[in-house]
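This is what each chain is made of:
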Amino acid sequence: MSDQAVLHVKGRVLAGPEDVRDELWVVGGRVSYDRPAGARDVRTVTGWALPGLVDAHCHVGLGPHGPVDAATAEKQARTDREAGTLLIRDAGSPSDTRWVDDRDDLPKIIRAGRHIARTRRYIRNFAHEIEPADLVAYVAQEARRGDGWVKLVGDWIDRDLGDLAPSWPRDAVEAAIAEAHRLGARVTAHCFAEDSLQDLVEAGIDCVEHATGLTEDLIPLFAARGVAIVPTLVNIATFPRLAAGGDEKFPRWSAHMRRLHERRYDTVRGAYDAGIPVYVGTDAGGSLAHGLVADEVAELVTAGIPPVDALAATSWAARAWLGRPGLEEGAPADLVVYESDPRADVRVLASPRRVVLNGAAVA
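## Overview of the pairing of strand E19 (residues 354-357)
So, step 1. Summarising the sheet, strand E18 (residues 335-338) and E19 pair through 3 bridges and their orientation is antiparallel. Note that in E19 the partner of Leu335 across the bridge is Val356.
So, step 2. Pairing analysis gives 2 bridges linking E19 to strand E20 (residues 360-361), with the strands arranged antiparallel. Bridge pairing links Leu357 to Ala360 in E20.
So, step 3. In sequence, E19 turns back onto E20 through a hairpin of 2 residues, with Asn358 there showing a positive phi of about 55 degrees.

## As for the pattern of salt bridges
So, step 1. Counting across every chain of the model gives 27 salt bridges.
So, step 2. Between Glu179 and Arg182 there is a salt bridge, with the nearest N and O atoms lying 2.9 Å from each other. Remark: Arg182 and Glu179 occur in helix H3 (residues 170-182); sequence separation between them is 3 residues, near one turn of the helix.
So, step 3. The exposure class assigned to Glu179 is buried, which follows from its relative accessible area of 15%.
So, step 4. For Asp273, the salt bridge goes to Arg269, with nearest N and O atoms at 2.6 Å. Remark: Arg269 and Asp273 occur in helix H9 (residues 264-273); sequence separation between them is 4 residues, near one turn of the helix.
So, step 5. Three or more residues are tied together by salt bridges with common partners; here these are Glu74, Arg78, Arg103 and Asp105.

## Topic: the packing of aromatic side chains
So, step 1. Counting across every chain of the model gives 6 aromatic pairs.
So, step 2. On the numbers, 4.8 Å between centres and 70 degrees between planes, the contact of Tyr122 with Trp156 is edge-to-face. Of this pair, Tyr122 sits in the loop between strand E10 (116-118) and strand E11 (128-130) while Trp156 sits in strand E13 (residues 155-158), and the two are 34 residues apart along the sequence. Summarising the burial analysis for this pair, Tyr122 and Trp156 share the class buried.
So, step 3. Taken together, the ring pairs in this structure connect Tyr122, Phe126, Trp156, Phe192 and Phe239 into an aromatic cluster.
So, step 4. Here the basic side chain of Arg21 rests over the ring of Tyr33, its NZ or CZ set 4.1 Å away from the ring centre.
So, step 5. Above the plane of the ring of Trp149 lies Arg89, whose end atom (NZ or CZ) is 4.6 Å from the centre.

## Observations regarding the packing of helix H2 (residues 135-145) against H3
So, step 1. Where H2 meets H3, the closest approach of the two axes is 9 Å, and the angle between their N-to-C directions is 25 degrees. It follows that H2 is roughly parallel to H3 by the angle criterion. Between H2 and H3 lies a crossing whose hand is right-handed. For the pair H2 and H3, contact is made by Leu135, Val136, Val139, Ala140 and Arg144 and by Ala172, Val173, Ala175, Ala176, Glu179, Ala180 and Arg182, respectively.

## Description of a positive patch on the surface
So, step 1. Taken together, the side chains of Arg120, Arg124, Arg159 and Lys249 make up a positively charged region of the molecular surface.
So, step 2. Locating Arg159 in the fold gives a position in the loop between E13 and strand E14 (163-166).
So, step 3. By relative accessible area, which is 41% here, Arg159 ends up partly exposed.

## With respect to the environment of Leu218
So, step 1. Tracing the backbone shows Leu218 in the loop between strand E16 (207-210) and helix H5 (219-225).
So, step 2. The exposure class assigned to Leu218 is buried, which follows from its relative accessible area of 7%.
So, step 3. Spatially, the C-alpha atoms of Leu218 and Val201 are 9.5 Å apart, while their sequence positions differ by 17 residues.
So, step 4. With residues near it in sequence (within four places) discarded, Leu218 still touches Glu194, Leu197, Gln198 and Gly213.

## Some words on the side chain of Asp341
So, step 1. Inspection of the secondary structure puts Asp341 in the loop between E18 and E19.
So, step 2. A polar contact of 2.9 Å, which involves the side chain of Asp341, links it to the backbone nitrogen of Arg343.
So, step 3. Residues in contact with Asp341, not counting those within four places in the same chain, are Leu14, Trp48 and Val348.

## Structural notes on the packing of helix H7 (residues 239-246) against helix H8 (residues 251-262)
So, step 1. One can describe the packing of H7 onto H8 by two numbers: an axis separation of 8 Å at closest approach and a directional angle of 165 degrees. Considered as vectors, H7 and H8 are oriented roughly antiparallel to each other. The handedness of the crossing between H7 and H8 comes out as left-handed. Between H7, through Phe239, Pro240, Leu242, Ala243, Ala244 and Gly246, and H8, the contact on the second element is made entirely by Pro251, Trp253, Ser254, Met257, Arg258, Leu260 and His261.
So, step 2. Of the residues assigned to the contact of H7 with H8, the class counts are 9 nonpolar, 3 polar and 1 charged.

## Structural notes on the side chain of Arg264
So, step 1. In this structure, Arg264 sits in helix H9.
So, step 2. Although buried, Arg264 forms no salt bridge, and the nearest oppositely charged side chain, Glu299, lies 4.6 Å from it.
So, step 3. Apart from residues lying up to four places away in sequence, Arg264 is in contact with Leu233 and Ile236.

## Topic: the sheet that holds strand E1 (residues 6-14)
So, step 1. Strand order in this open sheet of 7 strands is E3-E2-E1-E4-E18-E19-E20, and the pairing throughout is mixed. Edge positions in the sheet fall to strand E3 (30-32) and E20, since each of these pairs with one other strand and no more.
So, step 2. By the bridge criterion, 4 bridges tie strand E4 (residues 42-51) to E18 in an arrangement that is antiparallel. The residue bridging Ala49 from the neighbouring strand is Val337, located in E18.

## Considering the environment of Ala91
So, step 1. By secondary structure assignment, the location of Ala91 is in the loop between strand E8 (85-90) and strand E9 (108-111).
So, step 2. For Ala91, a relative accessible area of 1% gives the class buried.
So, step 3. Between the alpha carbons of Ala91 and Leu152 there is a distance of 9.4 Å; along the sequence they are 61 residues apart.
So, step 4. Those residues within four positions of Ala91 in sequence are excluded, and the remaining contacts are His57, Cys58, His59, Ala112, His115 and Lys151.

Calculation rules
Residues numbered from 1 in each chain as written. Predicted model: local features only at pLDDT ≥ 70, side-chain atom pairs only at ≥ 80, totals over all residues. Heavy atoms only, no water. Pairing = 2+ DSSP bridges. Helix = DSSP H or I, 4+ residues; strand = E, 2+ residues; numbered from the N terminus. Salt bridge = Lys/Arg side-chain N within 4 Å of Asp/Glu carboxyl O. Buried < 20%, exposed > 50% of the residue type's maximum accessible area, 1.4 Å probe, protein only. Phe/Tyr/Trp six-rings, centres within 6.5 Å; stacked < 30°, edge-to-face > 60°. Lys NZ or Arg CZ within 6 Å of the ring centre and 35° of its normal. Axes fitted to C-alpha atoms, helices over the stretch in contact; angles between N-to-C directions. Parallel < 35°, antiparallel > 145°, perpendicular 65-115°, else oblique. Left-handed = near helix turned anticlockwise from the far one by under 90°. Contact = heavy atoms within 4.5 Å. Patch = residues over 30% accessible without salt bridge, like charges linked within 9 Å, V, L, I, M, F, W, Y side chains within 5 Å. Areas by Shrake-Rupley, 256 points an atom, 1.4 Å probe, with all protein chains shown as cover. Lys, Arg positive; Asp, Glu negative; His and termini not counted. Charge placed at Lys NZ, Arg CZ, Asp CG, Glu CD. Polar contact = N/O pair within 3.5 Å; in protein donor to acceptor, adjacent residues only side chain to side chain. Nonpolar A, V, L, I, M, F, W, Y, C, P; charged D, E, K, R; others polar.

Structure (structure tokens):
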């Protein structure tokens, strides 16, 4: 589409869960609800339009063995884009993907810097691996490198214990989170198990990834502090396979992983019912495929979250949480058009009719 072309989206525009409009116009790459005067080159798309979807836990530039080259990272980003994901919170990557910011045809990325983990307590080549005395300095470093987020590894298998265990002492995370907040960054943490959660939340954490260890006695604490969770249920589905691989060497860990998997839907529904903010994230990258945002929304519905709220978790609510606009007047025209109403059946998200990024039809 040329710079002079005008895109007319006609049918139903879901500017909000109940804010349904008949049409919008894309003029100069931005949303307008006023018909432009004198437009000559008008192209019309019909259907149900949503703001570009959000994957709030995605790793562009990361492969199974660590950082990948730019061509592979571009392929990852394109796969997400073709699935309708136009805004990514990159929850930890060892790759420098700033070059993506210069590409109008690739999803927008909000970076959390590189993972920060305890020495030998995370996947090799993914994270800075450090000891607690260095945590504040590394958090400050990644807060300055990122886009308003820092990512900690809150727990991982302790080989001596043979099970998941917290990575950091309470005083270290308190100081580190305080430093991130001083620098204007929010902090999130990878957490599978139960034992690290209370310290992290009471230390001021803003979000927890996976949160499979969230229990009934911890839910009120999360709710009172307004700590969000990103459950990544499409990733949690891999726990039985991971557990099978550890049965012989780490049987305690394997049994724990199976328990966390078995109660995953109850955990997410309990969090939602208590008013804990829940957002969509796939954990794409590493060993998990990109482009799974529709599957994750469907998983939230399976867990018992109402379809409209599951949809909000990847659209209106997720964008507000990350401080990015949706389909407001004058916003960048990042939107996805579907055949039917995704509020009625979220499975329609798997088949975008048209993907529009920065005002241009890209898929």
